[in-house]
Each structure stands twice: as structure tokens, then as C-alpha cells.
Amino acid sequence: MNQSSIKQWWQQLASREQSLVMAMGSVVVVFLLYTLLWQPLNVNLANTESKLANRQALLTWVKENTARYQSIEPNGEIKKTSGSLSSIINRTANQYQLTITRMQPQGESLQVWLDTAPFTELLFWLEHLANNEGLQVQAIDLASSDKSGEVRVRRLQLTKQ
């Protein structure tokens, strides 16, 4: 259909039919605007608000557990295990089902990297290393992971106490 045939068709319609076609066209335009713009924007907004709430809850949980971990004082009965730092770390990481991706000696300390680890397991492992193995965390650098409740350990520096 070209423009002239549409124009002829329009002119053949009675004024009442033209009004009905205009009203129907308006309804179709409003429907298209709603389904193509308004509804997807609202759905996306709701999803984003949900993700934000989940991440805020995770952040609160991480802060609470980090504060609790930092407030734990050693009871003075630290067992000093024999063996090299790397052997202690490998053995205990396997106990907590953590996968170490890289280790690098740094003088008297050892740097450790983990791709992803459940945050709670990481805390329990670090607590075990401090309380049972006589190791101390000198520095730790964490990043969030794609999965909820998991972190990436970019750098963990451990030393014997």
C-alpha cells in the first residue's frame, strides 16, 4: 500500500468511521507504549530493587560476621603445629574444602590466593589457623564474587606467631 491508496481509503470512510479508526489507533499506540516501554521499565526497576535489597542484606551480614571474627581474642592456648606454612595451609584448606589457586613465600610469611570461597568457611578456616595452628593473618584483600555468599581472596598473607 502506498500513501495515495491510504489517503483514498481514508477519504472514503464516513466521519464517524474516521473517528472510530482514530480512537482505535490511539488505543493501539497507548497499548504499545505500555507493553514496550512502561511495563519493562517497571519490571526492571523491581528486579533492581530486589538485587539491591539482597546485596544490602549480604553486606550487613558480612559486616556483622567480620566484626565478630575481629572481636575474637585468642585464648592463649594456641597450639603451634610443626611443619612448613605451606603444608599447614594446604592441609587445613582441604579440611574446610577451600581451593587454593596460588601460594607465594614472602620471607617469613606466605601469600595465598583463592578464586572463590564461601565467606563463612573462609572465616572458620582463618579462625582455625589463628586458634589451632598458631598462624596470624597479616593482610587480607577480598573481593565480592558473582555468587551470593562467596568472596574472592585476592591476597591473604599469613605468618607464624
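Undergrad: Quick question: what am I supposed to make of the overall build of the protein chain here?
TA: On a plain count of helices and strands, the protein chain comes out with 4 helices and 4 strands. Written out in order from the N terminus, the α and β elements of the protein chain read α-α-α-β-β-α-β-β. Over its C-alpha trace the protein chain gives a radius of gyration of 31 Å, far above what one expects of a compact globule, namely 15 Å for 161 residues. When the backbone C-alpha atoms are referred to their principal axes, the protein chain occupies close to 100 × 30 × 25 Å. Classification of the 161 residues of the protein chain by burial places 22% in the buried group. In the protein chain, of all internal contacts separated by at least 6 residues, the share reaching a separation of at least 24 is 59%.

Undergrad: Please explain the pattern of salt bridges as it appears in this structure.
TA: Two side chains that carry opposite charge are able to pair once their charged atoms sit near each other. A full pass over the atoms with the stated rule returns 2 salt bridges. In this structure, the salt-bridge partner of Glu133 is Arg91, at a minimum N-O distance of 3.2 Å. Here Glu133 is found in the loop between helix 4 (119-132) and strand 3 (135-144), whereas its partner Arg91 is found in helix 3 (residues 85-95), with 42 residues between them in sequence. According to the relative accessible area criterion, Glu133 is buried, its value standing at 7%.

Undergrad: So what exactly am I meant to see when it comes to helix 2 (residues 15-71) here?
TA: For helix 2, with 57 residues, the first-to-last C-alpha span of 82 Å sits near the 84 Å given by 1.5 Å per residue. The largest bend in helix 2 amounts to roughly 40° and is located at Tyr34.

Undergrad: In this structure, what is going on with the sheet that holds strand 4 (residues 150-160)? I would like to understand it.
TA: Two strands in a sheet stick together by hydrogen bonds in their backbones, pointing the same way (parallel) or opposite ways (antiparallel). Ordered in space as 1-2-4-3, the 4 strands form an open sheet in which the pairing is antiparallel. In this open sheet, the two edge strands, each paired with only one partner strand, are strand 1 (100-106) and strand 3. Going across the sheet, the axis of each strand differs from the next one's by a mean of 20°, ignoring polarity. Bridge count between strand 2 (residues 109-118) and strand 4: 7 bridges; the pairing is antiparallel. Paired with Ser109 across the strands is Thr159, a residue of strand 4. Each of strand 1, strand 2, strand 3 and strand 4 touches helix 3; the most contacted strand, strand 1, lies at about 160° to it. Those strands touched by helix 4 are strand 2, strand 3 and strand 4, and its axis lies near 5° from that of strand 4.

Undergrad: Would you take a moment to explain the packing of aromatic side chains for this structure?
TA: Applying the stated criterion to the full structure yields 2 aromatic pairs. Look at Trp9 and Trp10: their rings are 6.4 Å apart centre to centre, the planes differ by 50°, and that puts the pair in the tilted class. Just above the ring of Trp113 sits the side chain of Arg102; from NZ or CZ to the centre is 4.1 Å.

Undergrad: Explain the nonpolar core to me, please; I cannot follow it from the model alone.
TA: It is characteristic of soluble globular proteins that their nonpolar side chains tend to be buried jointly. Core analysis: the biggest nonpolar cluster contains 21 residues, and Ile89, Val112, Leu114, Trp125, Leu129 and Leu156 have the highest contact counts within it. Elements represented by at least two residues in this core include exactly helix 3, strand 2, helix 4 and strand 4. Counting residues per element, this core draws most heavily on helix 4, at 6 residues. Those residues within four positions of Trp125 in sequence are excluded, and the remaining contacts are Ile89, Thr92, Ala93, Tyr96, Leu98, Leu114 and Leu156.

Thresholds applied
- Sequence order as written defines the numbering, with residues in each chain counted from 1.
- Reporting in this predicted model follows two pLDDT cut-offs: at least 70 for local features of residues, and 80 or more for side-chain atom pairs to be given and counted; totals over whole chains, interfaces and linings ignore these cut-offs and use all residues.
- Based on all heavy atoms of the structure, the side-chain values leave hydrogens and waters out of the count.
- Secondary structure is summarised from DSSP: a helix means a run of H or I of at least four residues, a strand means a run of E of at least two, and numbering begins at the N terminus for each.
- As defined in this context, the radius of gyration uses C-alpha atoms, and a globule is described by 2.2 Å times the residue total to the power 0.38.
- For each residue, the accessible area found with a 1.4 Å probe, counting protein chains only, is set against the maximum for its type, and the residue is called buried under 20%, exposed over 50%, and partly exposed in between.
- Here a residue-residue contact requires only that any non-hydrogen atoms of the pair lie within 4.5 Å.
- Within this document, salt bridges are pairs made up of a side-chain nitrogen of Lys or Arg and a carboxyl oxygen of Asp or Glu, the two lying within 4 Å of each other.
- By this rule the span expected of a helix is its residue count minus one, scaled by 1.5 Å.
- To get the bend at a residue, fit one axis to the 7 residues ending there and another to the 7 starting there, then take the angle between the axes.
- Only strands that DSSP links by at least two bridges are regarded as paired with each other.
- Simply put, an axis is a line fit to the C-alpha atoms, just over the touching stretch for a helix, and the angle between two N-to-C directions goes from 0 to 180 degrees.
- Planes of paired rings set the category: under 30 degrees apart is stacked, over 60 is edge-to-face and the rest tilted, where pairs are Phe, Tyr or Trp rings (Trp by its six-membered ring) whose centres lie within 6.5 Å.
- Should the NZ of a Lys or the CZ of an Arg lie within 6 Å of a ring centre and within 35 degrees of the ring normal, that charge is described as sitting over the ring.
- Joining through side-chain atoms within 4.5 Å is the link that ties buried Ala, Val, Leu, Ile, Met, Phe, Trp, Tyr and Cys residues into a set, and such a set is a nonpolar core.

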